[in-house]
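Architecture and fold: a report
What follows is the residue order along each chain.
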Amino acid sequence: MVERRTRTPRAGRSAREHALAVLRVRNGALAVALIPAAVAVVLFTTGTGAPAVRAVVVALAAATAALGALTGALIARARPAVTPTVDVPERAAPALHRLIRELAARLDVPVPGGIALTPDCDSWLEEPPRGGPPSAPVLVIGSPFLWWLRVAELHALLAPVVAGTGPAAHPDIAAARRCVRAWDAAAAHTAPALRHPARAYAASVARGLLRLSGTHPAEMERGVAQAAAARAQDVDQALRQTAQEQVGLAYAGWDRLLTRVALPAWRIGRWPRRLDAGVVAALTELSRRDRLADGWAARLDDRPACDLLEEPGAMDEAVSLLAARLFHGIPGPAPAPARAASGGWTPVDWAGYPDEVVDRIWRDRAARLFLALDATETPTLSCALQRLADAAALDGADALAARLSADTARAEAAHTGPHPPPDTAAPAAPLPWQPPRADRELLAEHVTAAVCCAAADTTGATPGLDWLDGPVLLTTGQGQGSRRGPDLTDPVLRLLEDGDPGPLRAWLATTGVRPDKPVRLV
């Protein structure tokens, strides 16, 4: 223990010094609240001042003490926002818990108080909830890491994180963290002052204490991180760089899977059961396409970290549902037991994704397009192309795009509820990295969907899933099996921007699509 502590005296001392600065702010506020009481004690002890003056001072002291006690109680009871996670009890992952215990013993730090998974590419120590018995922080692991990283890589990645339990156990740092969390939680109160004057006052006091603390909380956490990194620097040092590279890949694959594959399903109230398995498939597909990534596939022969779980499939399903609720909100409940059991969502397996998600998205968009074009009685592609060309020539495409955008927003709103995710203090927000879709972009998506429906109805084309690009159209070549159809982007844009249906008609002729046949909309 002494040998390890001497490695990082500066970082540990710096963290403790900033923690003591935070505690001085707390103690100073307490001292200010006790000044009237101290004055009253002095007056009564020495007999100084007239009785009327002493009575006024006593009344002021009592009022100040009452206000201080109430404010302190409200701040102490403020509930910080809790990160949504999926708990991993030891019975569900004895091998993972054993790995973390061995890592903590090697680092000579306390064992984390528990393990949890989060649908994110990050790992950290989550402080235990306030009000309960004192315990070590919980180790939160990004679920994509368990499925993409190998066991040795996960061990190297988590070493600096687990090392953070050492500074977290220091009494001064633990007390300072509790103060900052309570101040943050109380300062977040935004209710009107007239309705909740006591809470509004406590929030203003908490914000004042945070301002007085200045940069000390951030510097304390920086010192803790530096101390933890220094303590873990000799653990799996050779694998650390490789693990960090794989973290970057996992983040890229997770981002693409959520935005290209999961989000279209969420918008229609479906949630893929195996998102973490999907990110492995996406990154494996990337390694197949990119010759620079040929080395990635070789490491897949090693034992994946998800083997440390007793039931990886069940854990992946729980994390996938949490991701849907966290990133897209909770839809309204449905009477069907299968939907009600998952909060209004209907699960979908990857094998059923093309038919249950891709085909439904295409049919819904095609129906909205024909309705907007007033062509539901003759839902043929020829009729739609002619009316779209006329609209583009008369500058009416923008109005059509705006109408489709409004219709789409109403349809998607039916699958996104206003309720907050479980155990969180704020409603779910859309994916922060997903930019809002422009009206013209939505119009192009609807036209593309109508073309894909016509191709599926009149040729051997089928809806498909590309792990990197999401929904795709698969065409059948002569003796070549199913493959991705020719790109539709340029022909559709020529139609919508120039009013020229020629390139799109040529595409239809090349692929054998008959535009005169009615499109099945349901």
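Everything that follows concerns the structure shown earlier in this document.
For the protein, the count of helices and strands is 21 helices and 9 strands. Classification of the 522 residues of the protein by burial places 47% in the buried group. Of the contacts made within the protein by residues no fewer than 6 positions apart, 74% connect residues no fewer than 24 positions apart. For the protein, the exposed surface amounts to about 25,400 Å²; the carbon and sulfur share of it is 57%.

Here we come to the environment of V319. Looking at the secondary structure, you find V319 in helix α14 (residues 312–328). V319 sits 177 residues away from G142 along the chain, and the two C-alpha atoms are 9.9 Å apart. Ignoring sequence-local partners within four residues, the contact set of V319 consists of V86, L117, T118, P119, S143 and D276.

To continue, consider the pairing of strand β2 (residues 114–118). With 5 of its 5 residues buried, β2 lies for the most part within the structure. With burial as the criterion, each face of β2 is covered, one bearing G114, A116 and T118 and the other bearing I115 and L117. Here strand β1 (residues 86–87) runs beside β2; their pairing, made up of 2 bridges, is antiparallel. If you follow D87 over to β2, its bridge partner there is A116. Taken together, the 5 bridges between β2 and strand β4 (residues 138–142) define a ladder with parallel strand orientation.

Moving on, we come to the sheet that holds β1. Sheet architecture is open: 4 strands sit in the order β1-β2-β4-β3, paired in mixed fashion. Edge positions in the sheet fall to β1 and β3 (123–126), since each of these pairs with one other strand and no more. Running over the sheet, helix α6 (residues 151–163) touches β3 and β4 and is turned about 140° from β4.

All right, on to a nonpolar patch on the surface then. The grouping of V32, I35 and V39 at the surface amounts to a nonpolar patch, some 260 Å² of accessible area in total. Structurally, I35 is set in helix α2 (residues 9–46). Look at I35 and you get partly exposed, because its relative accessible area is 48%.

So, on to the nonpolar core. Counting residues in each nonpolar core, the largest one holds 108 residues, and the members touching the most others are L154, V162, W266, L275, L388 and L443. Of all the elements, helix α11 (residues 237–266) adds the most residues to this core, at 12 residues. Leaving out residues up to four positions away in the same chain, V162 has contacts with I100, L103, A104, L107, V109, P112 and L139.

Before going further, it helps to examine helix α8 (residues 171–187). Its 17 residues place the ends of α8 24 Å apart at the C-alpha level, agreeing with the 24 Å of an ideal helix rising 1.5 Å per residue. Among the 17 residues of α8, 13 are classified as buried, and the element is accordingly described as predominantly covered.

Taking burial as the measure, the 5 residues of β4 include 4 buried ones, the bulk of the element. Pairing geometry for β3 and β4, over 4 bridges, is antiparallel. What sits directly across from L125, in β4, is L139.

Here we take up the packing of aromatic side chains. Tallying each qualifying case throughout the model produces 3 aromatic pairs. Here W350 and W467 contribute two aromatic rings whose centre-to-centre distance is 4.9 Å and whose plane-to-plane angle is 75°, an arrangement assigned as edge-to-face. Taken together, the residues W350 in the loop between β6 (346–348) and α16 (353–372) and W467 in the loop between β7 (462–466) and β8 (470–477) connect sequence positions 117 residues apart. Feature note: the residues W350, Y353 and W467 constitute an aromatic cluster, connected by ring pairs.

Here we take up the pattern of salt bridges. Counted under the stated rule, the structure contains 26 salt bridges. For R494, the salt bridge is made with D498, and the minimal N-O distance between the two is 3.6 Å. Here the residue R494 and the residue D498 both occupy positions in helix α20 (residues 489–498), the gap between them amounting to 4 residues, near one helical turn. Accessibility expressed as a relative area gives 54% for D498, which makes it exposed. In this structure, a network of salt bridges that share partners links the residues R256, R260, D466, D469 and R484.

Calculation rules
Residues numbered from 1 in each chain as written. Predicted model: local features only at pLDDT ≥ 70, side-chain atom pairs only at ≥ 80, totals over all residues. Heavy atoms only, no water. Helix = DSSP H or I, 4+ residues; strand = E, 2+ residues; numbered from the N terminus. Buried < 20%, exposed > 50% of the residue type's maximum accessible area, 1.4 Å probe, protein only. Contact = heavy atoms within 4.5 Å. Areas by Shrake-Rupley, 256 points an atom, 1.4 Å probe, with all protein chains shown as cover. Pairing = 2+ DSSP bridges. Axes fitted to C-alpha atoms, helices over the stretch in contact; angles between N-to-C directions. Patch = residues over 30% accessible without salt bridge, like charges linked within 9 Å, V, L, I, M, F, W, Y side chains within 5 Å. Salt bridge = Lys/Arg side-chain N within 4 Å of Asp/Glu carboxyl O. Core = buried A, V, L, I, M, F, W, Y, C linked by side-chain atoms within 4.5 Å. Expected span 1.5 Å × (residues − 1). Phe/Tyr/Trp six-rings, centres within 6.5 Å; stacked < 30°, edge-to-face > 60°.

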